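Listed below, chain by chain, are the residues.
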Amino acid sequence: MTDDAPEPPSGLRAMLPDLAPWRASRDFRRLWYAGLISNFGSFLTFVALPVQLKDLTGSAAAVGAIGAVELIPLLVFGLYGGALADAWDKRKLIVWTEAGQGLLSVALLLNALLPHPAVWPLYVVAALSSALVSVQRPALDSLWPRIVAHDHLPAAASLNSFRWTVGGVAGLALAGVVVAYAGLGWAYGADLLTFAVSVVLVVRIAASPASHEAAKPSLKAIAEGARYAWGRKELLGTYAVDLAAMFLAMPLALLPFLADELDAEWSLGLMYASVPLGALLVSLVSGWTARIHRHGRMVVLSAALWGLAIAAAGIMSNVWLVLLFLTVAGGCDMVSGIFRGIMWNQTIPDELRGRLAGIELLSYSVGPTLGQVRSGGFAAWWGVRTSVWSGGVLCAGAVGLLALCLPKLMTYDARTDKHAAQVRDQRAAAQV
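Residues numbered from 1 in each chain as written. Predicted model: local features only at pLDDT ≥ 70, side-chain atom pairs only at ≥ 80, totals over all residues. Heavy atoms only, no water.

K.L.:
Looking at this structure, how should I read the overall build of the chain?
P.N.:
In terms of helices and strands, the chain carries 17 helices and 0 strands. For 432 residues, the compact-globule estimate of 2.2 N^0.38 gives 22 Å, and the C-alpha radius of gyration of the chain, at 21 Å, lies within 12% of that figure. For the chain, the spread of C-alpha atoms along the three principal axes comes to 60 × 45 × 40 Å. When the 432 residues of the chain are sorted by exposure, 59% land in the buried category. Considering only intrachain contacts with a sequence separation of at least 6, the fraction spanning at least 24 residues in the chain is 88%. When the accessible surface of the chain is totalled, it reaches about 17900 Å², and 69% of it is carbon and sulfur. The averaged location of the 28 negative side-chain charges in the chain is 5 Å from the averaged location of its 31 positive side-chain charges. (Helix = DSSP H or I, 4+ residues; strand = E, 2+ residues; numbered from the N terminus. Rg over C-alpha atoms; globule rule 2.2 N^0.38 Å. Buried < 20%, exposed > 50% of the residue type's maximum accessible area, 1.4 Å probe, protein only. Contact = heavy atoms within 4.5 Å. Areas by Shrake-Rupley, 256 points an atom, 1.4 Å probe, with all protein chains shown as cover. Lys, Arg positive; Asp, Glu negative; His and termini not counted. Charge placed at Lys NZ, Arg CZ, Asp CG, Glu CD.)

Quick look at the structure:
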């Protein structure tokens, strides 16, 4: 594999996703398929779990509390999982955590089949799943740059986003139907099957042992990664912007209640699918992202527009307009995610990539997790729709303030950034 990129396409082809990583790397294809299948099942559970809690408790606060029980595992295992990803074989970490997720699906299935399902296993499984994801994601995120050429990383980011959105649209759209008409057991059973298929695919990729420069897992190693991130203000900006956007304007825990308020219970599956649908539409025409070099500005702009779109969805009383603005929000979030991923993958050295991926995990996971608690609490105090629109407005304001406080994020240019140049040189030297 080389880092020599072909001439960029022009015209309509320039808007379509670049398939260069797909053609060049067999491991990329296998990991991509594994993620697509696994995500499909995970989105089924993503809908089934809060719906089951709503049915058992009738409380928005109880549904929002899922985020509270997920928070501590995210904080603990996210950072330590990043250190593990730098020190251990990344493939093994992915395989074992994927298998562990399958076992949790078994627990959800057995509980759902009981004559009177218990509430507490739902919170226990949510916490354990959060821990497994927190270990797996740094390994997964730090593996992509090893199996994809450096100049193909923007295309790989778009293809990975496309994979996530396909699973999200299909899984979330189908989940509402499955839960409503087939039952929770079918959703949890399908999730179990997808984890089994994913494990079979992942074990076939090449081993990915630790870099010889990587530090062993320890608090010192975690602190080293944190110091590096703190010194990179443009990276710090991407973390802060995403954290603010997800904490303040993530309404997914409230969608079952929003559908009820709009007297449109039939729309729940569509509401859940609208955000990934918007992301999917953007990813289908993501070829343009390879021609953008000021990635930080795009992260800020798209995050602010995400907040405004969520605010509009909260204000609307027509369910079709709500679906429209949720779709727009999903497209904006996809743009932000693509450019965050490009900045991370093109500028972080290999020996630190796992630990930085752990910090990245916190930035894009802790936000939604705390956001469920915030949105549930606001809804309990001031109402569901007020919780949604106020969060969107606060998000847009917070993102604008962060842009003013972190000017290096706004001035970042991939063509001139010294860290991007160092990683390019590192990749080139490794292939000599």
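Back to the text.
K.L.:
Just checking my understanding: could you explain the environment of T238 for this structure?
P.N.:
Relative to the helices and strands, T238 resides in helix α9 (residues 233–249). Other than its neighbours up to four places away in sequence, T238 contacts R340, M343, W344 and L409.

K.L.:
Explain unusual backbone geometry to me, please; I cannot follow it from the model alone.
P.N.:
Backbone geometry follows two general trends: most residues other than glycine have a negative phi, and most peptide bonds adopt the trans configuration. For D263, which is not glycine, the phi dihedral falls at a positive 55 degrees. When its relative accessible area of 61% is taken as the criterion, D263 is described as exposed.

K.L.:
Mind showing me how you'd approach helix α3 (residues 60–87) here?
P.N.:
Counting along an α-helix, one turn takes 3.6 residues, and residues three or four places apart therefore face a common direction. Taking 1.5 Å of rise per residue, the 28 residues of α3 would be expected to cover 40 Å, and the 41 Å separating its terminal C-alpha atoms lies within 8% of that figure. Its axis deflected by about 30 degrees at E70, α3 carries its strongest bend there, up to four residues before the proline P73. At the N-terminal boundary of α3, the capping side chain belongs to S59, with an oxygen 3.1 Å from the backbone nitrogen of A62. (Expected span 1.5 Å × (residues − 1). Bend = angle between axes of the 7 residues up to and from the residue. Polar contact = N/O pair within 3.5 Å; in protein donor to acceptor, adjacent residues only side chain to side chain.)

K.L.:
Could you clarify how one ought to interpret the pattern of salt bridges in this entry?
P.N.:
Opposite charge on two side chains allows them to pair when their charged atoms are near. Enumeration over the complete set of coordinates arrives at 8 salt bridges. In this structure, the salt-bridge partner of D141 is R137, at a minimum N-O distance of 3.9 Å. Highlighted residues: D141 and R137, both in helix α5 (residues 120–147), separated by 4 residues, approximately one helical turn. One salt-bridge network, in which partners are shared between bridges, spans D86, E224 and R355. (Salt bridge = Lys/Arg side-chain N within 4 Å of Asp/Glu carboxyl O.)

K.L.:
Even after reading the chapter, I still don't get the packing of aromatic side chains, so can you show me in this structure?
P.N.:
By convention here, two paired aromatic rings are described through the distance between centres and the angle between planes. According to the stated counting rule, one finds 8 aromatic pairs in the structure shown. Between the aromatic rings of W22 and Y33, the centroid separation amounts to 5.3 Å while the plane-to-plane angle is 75 degrees, which identifies the pairing as edge-to-face. On the criterion of sequence distance, the pair formed by W22 in helix α1 (residues 20–24) and Y33 in helix α2 (residues 26–57) is long-range, its members being 11 residues apart. The class for W22 is partly exposed, based on a relative accessible area of 23%. Residue classification places Y33 among the partly exposed residues on the basis of a relative accessible area of 39%. Plain terms: the ring middles of W32 and Y33 are 5.7 Å apart, the flat faces sit at 80 degrees to each other, and that makes the pair edge-to-face. Take W32: its relative accessible area is 7%, and that puts it in the buried class. Counting every residue linked through ring pairs, the aromatic cluster contains W22, W32 and Y33. Above the face of the W230 ring, K233 is positioned so that its terminal group lies 3.8 Å from the ring centre. (Phe/Tyr/Trp six-rings, centres within 6.5 Å; stacked < 30°, edge-to-face > 60°. Lys NZ or Arg CZ within 6 Å of the ring centre and 35° of its normal.)

K.L.:
What is the right way to read the layout of surface pockets from this model?
P.N.:
Unoccupied space between atoms shows up once a probe the size of one water molecule is rolled over them. As a volume, the second largest pocket reaches approximately 340 Å³. If you trace the second largest pocket, you find 19 residues lining it, with G176, A180, E265, L268 and G269 closest to the centre. Among the secondary structure elements, those contributing two or more residues to the lining of the second largest pocket are α2, α6 (153–182), α10 (255–261) and α11 (268–284). Broken down by element, the lining of the second largest pocket gets its largest block of residues, 7 residues, from α6. When grouped by side-chain class, the residues that make up the lining of the second largest pocket number 13 nonpolar, 2 polar and 4 charged. (1 Å grid on protein atoms, 1.4 Å probe; cavity = no way out; pocket = protein on both sides within 12 Å on 5 of 7 lines; lining within 4 Å. Points joined across faces, edges and corners; volume = space filled by probe spheres on them. Nonpolar A, V, L, I, M, F, W, Y, C, P; charged D, E, K, R; others polar.)

K.L.:
Sorry, what's going on with the nonpolar core here?
P.N.:
Among soluble globular proteins, nonpolar side chains are generally buried collectively. With 81 residues, the main nonpolar core has Y188, L255, M271, W306 and L326 as its most contacted residues. Considering each element in turn, this core owes the most residues, 12 residues, to helix α13 (residues 319–347). Once residues lying within four places of it in the same chain are set aside, the contact partners of Y188 are T45, A48, L49, Q52, S105, L108, L109 and A112. By size, the runner-up hydrophobic cluster in this structure holds 27 residues, among which are L31, W32, V148 and F162. (Core = buried A, V, L, I, M, F, W, Y, C linked by side-chain atoms within 4.5 Å.)

K.L.:
Any chance you could explain a nonpolar patch on the surface here in plain terms?
P.N.:
A cluster of nonpolar side chains, I72, L75, V76 and F77, forms an exposed patch at the surface whose accessible area comes to about 360 Å². Tracing the backbone shows V76 in helix α3. By relative accessible area, V76 is classed as partly exposed at 47%. (Patch = residues over 30% accessible without salt bridge, like charges linked within 9 Å, V, L, I, M, F, W, Y side chains within 5 Å.)

K.L.:
What should I look at first to understand helix α15 (residues 384–405) in this one?
P.N.:
Its 22 residues place the ends of α15 32 Å apart at the C-alpha level, agreeing with the 32 Å of an ideal helix rising 1.5 Å per residue. Within α15, burial applies to V384, S387, V388, S390, G391, G392, C395, A396, V399 and A403. Contacts made by the buried residues of α15 are with α9, α10, α12 (295–315), α14 (353–382) and α16 (407–411).

K.L.:
What am I meant to see in the packing of α3 against α14 here?
P.N.:
How two helices pack is summed up by the angle between their axes together with the distance between the axes. Following both chains from N to C, one finds α3 and α14 inclined at 175 degrees, their axes separated by 8 Å at the closest point. Taken together, the axes of α3 and α14 lie roughly antiparallel to each other. (Axes fitted to C-alpha atoms, helices over the stretch in contact; angles between N-to-C directions. Parallel < 35°, antiparallel > 145°, perpendicular 65-115°, else oblique.)

K.L.:
So what exactly am I meant to see when it comes to the confidence of the model for the chain here?
P.N.:
Low pLDDT means the predicted atomic positions in that stretch should not be read closely. Summing up the model confidence of the chain, the mean pLDDT is 83 and the portion of residues at 70 or higher is 93%. Counting interchain partners and residues more than four positions distant, the pLDDT-below-50 stretch residues 1–6 has 15 contacts. (pLDDT = per-residue confidence, 0-100.)

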